[in-house]
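Letter by letter, the chains look like this.
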Amino acid sequence: MSSVARAWREFPGKYNLEGTKCGNCNTVFFPRRDFCPKCRREGLGKMQKYKVQREGEVFSFSVIYDAPSCNSGSKPYAVAMVRTKDGVLVSGQLVDVELDKIAIGMPVRAVLRKLEEDGVAGIIRYGFKFVPAI
């Protein structure tokens with residue numbers, strides 16, 4: 001379990017697909033990084049906040065038939081690697097699509113959806129999932 005402080009710090013990335021872009025080599029990272037592993041430059045003003053494009057296409061996908069207990073109510077379901085229009089690979093669940101209609105290259109977009117609910121505390125956690133782009 002992560003700390004509450006960490007969860008609050010990660011909100012912008014989870015809700016807004018916020019990553020970083022290296023001011024030296026222009027490489028975009030998601031989730032965000034404090035320094036660029038590509039050119040090995042320290043942050044020191046080089047890494048800038050970057051809002052990753054919400055639109056992209058399915059790069060790869062898998063259909064999950066035997067899910068862990070936390071996801072057993074939604075099986076079968078699909079997860080995908082999505083290449084956004086700015087070239088970033090992002091993983092997430094594909095929703096609102098028939099599983100046999102999913103294809104590599106299918107246009108999708110990120111939307112904010114419910115991820116999980118803590119039954120005892122009643123806390124609902126939100127994040128992004130992918131839907132077909134119309």
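Residues numbered from 1 in each chain as written. Predicted model: local features only at pLDDT ≥ 70, side-chain atom pairs only at ≥ 80, totals over all residues. Heavy atoms only, no water.

- The protein chain goes by Transcriptional regulator in an unreviewed UniProt entry, where it is assigned to Candidatus Methanoplasma termitum.

**Some thoughts on the confidence of the model for the protein chain**
Part 1 of the reasoning: Of the residues in the protein chain, 80% have a pLDDT of 70 or more, and the chain-wide mean is 83.
Part 2 of the reasoning: Averaged pLDDT values for the elements of the protein chain fall to 60 in helix 1 (residues 4-16) and rise to 96 in strand 4 (residues 55-64). (pLDDT = per-residue confidence, 0-100. Helix = DSSP H or I, 4+ residues; strand = E, 2+ residues; numbered from the N terminus.)

**With respect to the sheet that holds strand 1 (residues 18-22)**
Adjacent strands of a sheet form backbone hydrogen bonds with each other and so pair up, either parallel or antiparallel.
Part 1 of the reasoning: In space, the 3 strands of this open sheet follow the order 2-1-3, with antiparallel pairing throughout. At either end of the open sheet lies a strand with only one pairing partner, and these are strand 2 (28-29) and strand 3 (47-51).
Part 2 of the reasoning: Across 2 bridges, the pairing between strand 1 and strand 2 is antiparallel. For threonine 20, the partnering residue across the bridge sits in strand 2 and is phenylalanine 29. (Pairing = 2+ DSSP bridges.)

**Here's the deal with the packing of aromatic side chains**
Part 1 of the reasoning: With the rule as written, the count across this model stands at 2 aromatic pairs.
Part 2 of the reasoning: Taking 5.9 Å as the distance between ring centres and 65 degrees as the angle between the ring planes, the aromatic pair formed by phenylalanine 30 and phenylalanine 128 counts as edge-to-face. Of this pair, phenylalanine 30 sits in the loop between strand 2 and strand 3 while phenylalanine 128 sits in strand 8 (residues 123-132); the two residues are 98 residues apart in sequence, bridging distant segments of the chain. In terms of burial, phenylalanine 30 and phenylalanine 128 fall into one category: buried.
Part 3 of the reasoning: Seen from their ring centres, phenylalanine 128 and phenylalanine 130 are 5.8 Å apart, and the 75 degrees between their planes marks the pair as edge-to-face. (Phe/Tyr/Trp six-rings, centres within 6.5 Å; stacked < 30°, edge-to-face > 60°. Buried < 20%, exposed > 50% of the residue type's maximum accessible area, 1.4 Å probe, protein only.)

**Considering the pattern of salt bridges**
Part 1 of the reasoning: Scanning all chains against the criterion turns up 2 salt bridges.
Part 2 of the reasoning: A salt bridge links arginine 32 to aspartate 34; the nearest nitrogen and oxygen atoms lie 3.0 Å apart. Assigned by exposure class, arginine 32 and aspartate 34 land together as exposed.
Part 3 of the reasoning: Across the pair aspartate 96 and arginine 113 runs a salt bridge, and its minimum N-O distance is 2.7 Å. Separated by 17 residues along the polypeptide, aspartate 96 in the loop between strand 6 (89-94) and strand 7 (107-118) and arginine 113 in strand 7 bring together distant segments of the chain.
Part 4 of the reasoning: On the basis of relative accessible area, aspartate 96 is assigned to the exposed category, the value being 56%. (Salt bridge = Lys/Arg side-chain N within 4 Å of Asp/Glu carboxyl O.)

**Observations concerning the pairing of strand 4**
In summary, the side chains of a regular strand alternate between the two faces of the sheet.
Part 1 of the reasoning: Examined bridge by bridge, strand 4 and strand 7 share 3 bridges and lie antiparallel to one another. The residue of strand 7 that forms the bridge with glutamate 57 is proline 107.

**Side note on the side chain of lysine 129**
Part 1 of the reasoning: Tracing the sequence through the fold places lysine 129 in strand 8.
Part 2 of the reasoning: Aspartate 96 is the oppositely charged side chain nearest to the buried, salt-bridge-free lysine 129, at an N-O distance of 8.8 Å.
Part 3 of the reasoning: Reaching out from lysine 129, the side chain makes a polar contact with the backbone oxygen of lysine 114 at a distance of 3.3 Å.
Part 4 of the reasoning: The residues touching lysine 129, leaving out its near neighbours within four places in the chain, are Gln93, Val95, Arg109, Ala110, Val111, Arg113, Lys114 and Leu115. (Lys, Arg positive; Asp, Glu negative; His and termini not counted. Polar contact = N/O pair within 3.5 Å; in protein donor to acceptor, adjacent residues only side chain to side chain. Contact = heavy atoms within 4.5 Å.)

**Focus on the environment of arginine 125**
Part 1 of the reasoning: Residue position: arginine 125 is located in strand 8.
Part 2 of the reasoning: For arginine 125, a relative accessible area of 33% translates into the label partly exposed.
Part 3 of the reasoning: Through-space distance from the C-alpha of arginine 125 to that of leucine 115 is 5.6 Å; in sequence the pair is 10 residues apart.
Part 4 of the reasoning: Residue contacts for arginine 125: discarding those within four places in its chain leaves Arg113, Lys114, Leu115, Glu116 and Asp118.

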